[in-house]
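Residue-level listing of the chains:
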Amino acid sequence: MLGAMAFISVQEAFAKYLGESMPIAQVVWARYLGHLLLMLVVLWPKYGSSIVRANRLSMQVLRSMILLIDTGCFFYGLTMIGLAEATAIFFCVPALVIIISMPLLGEKVKMTALIAIAVGFIGTLVIVRPGADLAAESNTLLGAFFIFCAACCTAVYNVITRKLANSDPLPVTLFYTAMIGALVSSLLVPFFWQMPQGAMQWAALISIGLFGGVAHSLIIAAHQFTAATVVAPFMYTQIFWAILLGWLMFSQLPDLYDFIGGAIVIVSGLFLLLSGRRAKI
């Protein structure tokens, strides 16, 4: 999980770098095409054509489309706010999963969890600070809005993944995630294509999907060794990579309010994860 968070952070740093000068649709296409190629190399030799035999095809397509929208929103949001701020806002996903699970899965939530969710959203507001800087507010708020939309998509995606777990094997779900994203983005990219300029852009465009694919593979490996509730807290280490890469690649460092808000969101998320673990025990 620690390795996965490092690879995801590099992927997002490349997305921010490319998104500042290239169409987001092209960046998303490169991310999914690289992921699809990696899945073909990893999954096809072992499973063959069985990885395209989905028992719940419509739900697989819906799940993959939601993740595609998620990626587009997140990459676009990165063009307007820093890596660390975007990562901290995205950490509200555990809270959103609980909120969505109540109507969709019929799960009951304790009052302490609802309080933790409210505290987490307060932390998000501390990061965004609406009204703090009127000159930069519109851009920052728009970027934060797209990151939050991506977090909402991820929460729905996670809930659908739970529902698919009992009907389709994991390799099938993994392959559809990459295949649908690659197919849909390939239909769109001809309308947005822009020739990369220089070796760095080419390298980032080629490798962005590979980094994302490796990250997903490492997350799967992590869950094969132990329970999700054990490895999930380690996802918060991504904030350290985001701070480091934001500083090295974009000369951006979070301010005091970003650190405070990020800490509030992380503590809220950890509380929800740990309380969920205790409930299962």
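Above this text you will find the structure in question.
Keep in mind that this is a model prediction, so the values were computed, not measured.

### Notes on helix α4 (residues 83-90)
In terms of residue burial, α4 counts as a mostly covered element, since eight of its eight residues are buried. All of the buried residues in α4 are Leu83, Ala84, Glu85, Ala86, Thr87, Ala88, Ile89 and Phe90.

### Topic: empty space enclosed by the protein
One pass over the full model with this rule turns up one cavity of 30 Å³ or more. Estimates place the volume of the largest cavity at around 40 Å³. Lining the largest cavity, in full, are Phe91, Cys92, Ala95, Ile117, Gly120, Phe121, Val265, Ser268, Gly269 and Leu272. Going through the elements one at a time, α6 (111-128) and α12 (256-280) are the ones with two or more residues in the lining of the largest cavity. Taken together, the residues of the lining of the largest cavity break down into seven nonpolar, three polar and no charged.

### Focus on helix α1 (residues 2-19)
With 18 residues, α1 should reach 26 Å at 1.5 Å per residue; the first-to-last C-alpha distance of 26 Å fits that figure. Of all 18 residues in α1, 13 are buried, a share of seventy percent or more.

### Considering the state of the cysteines
Inspection of every chain in the model, using the stated rule, returns zero disulfides. Cys92 takes part in no disulfide bond, and the closest cysteine sulfur to it belongs to Cys152, at a distance of 6.7 Å. You can call Cys92 buried: its relative accessible area is 4%. Cysteine Cys149 remains unbridged, with the sulfur of Cys73 as its closest cysteine sulfur at 5.3 Å. Cys149 sits in the partly exposed class, given a relative accessible area of 21%.

### Focus on the side chain of Glu12
Relative to the assigned elements, Glu12 resides in helix α1. It is Arg31 that comes nearest to the buried, bridge-free Glu12 among opposite-charge side chains, at 8.9 Å. Residues in contact with Glu12, not counting those within four places in the same chain, are Phe74, Leu78, Leu83, Thr87 and Gln238.

Cut-offs used in this document
- Residues numbered from 1 in each chain as written.
- Predicted model: local features only at pLDDT ≥ 70, side-chain atom pairs only at ≥ 80, totals over all residues.
- Heavy atoms only, no water.
- Buried < 20%, exposed > 50% of the residue type's maximum accessible area, 1.4 Å probe, protein only.
- Helix = DSSP H or I, 4+ residues; strand = E, 2+ residues; numbered from the N terminus.
- 1 Å grid on protein atoms, 1.4 Å probe; cavity = no way out; pocket = protein on both sides within 12 Å on 5 of 7 lines; lining within 4 Å.
- Points joined across faces, edges and corners; volume = space filled by probe spheres on them.
- Nonpolar A, V, L, I, M, F, W, Y, C, P; charged D, E, K, R; others polar.
- Expected span 1.5 Å × (residues − 1).
- Disulfide = S-S within 2.5 Å.
- Lys, Arg positive; Asp, Glu negative; His and termini not counted.
- Salt bridge = Lys/Arg side-chain N within 4 Å of Asp/Glu carboxyl O.
- Contact = heavy atoms within 4.5 Å.

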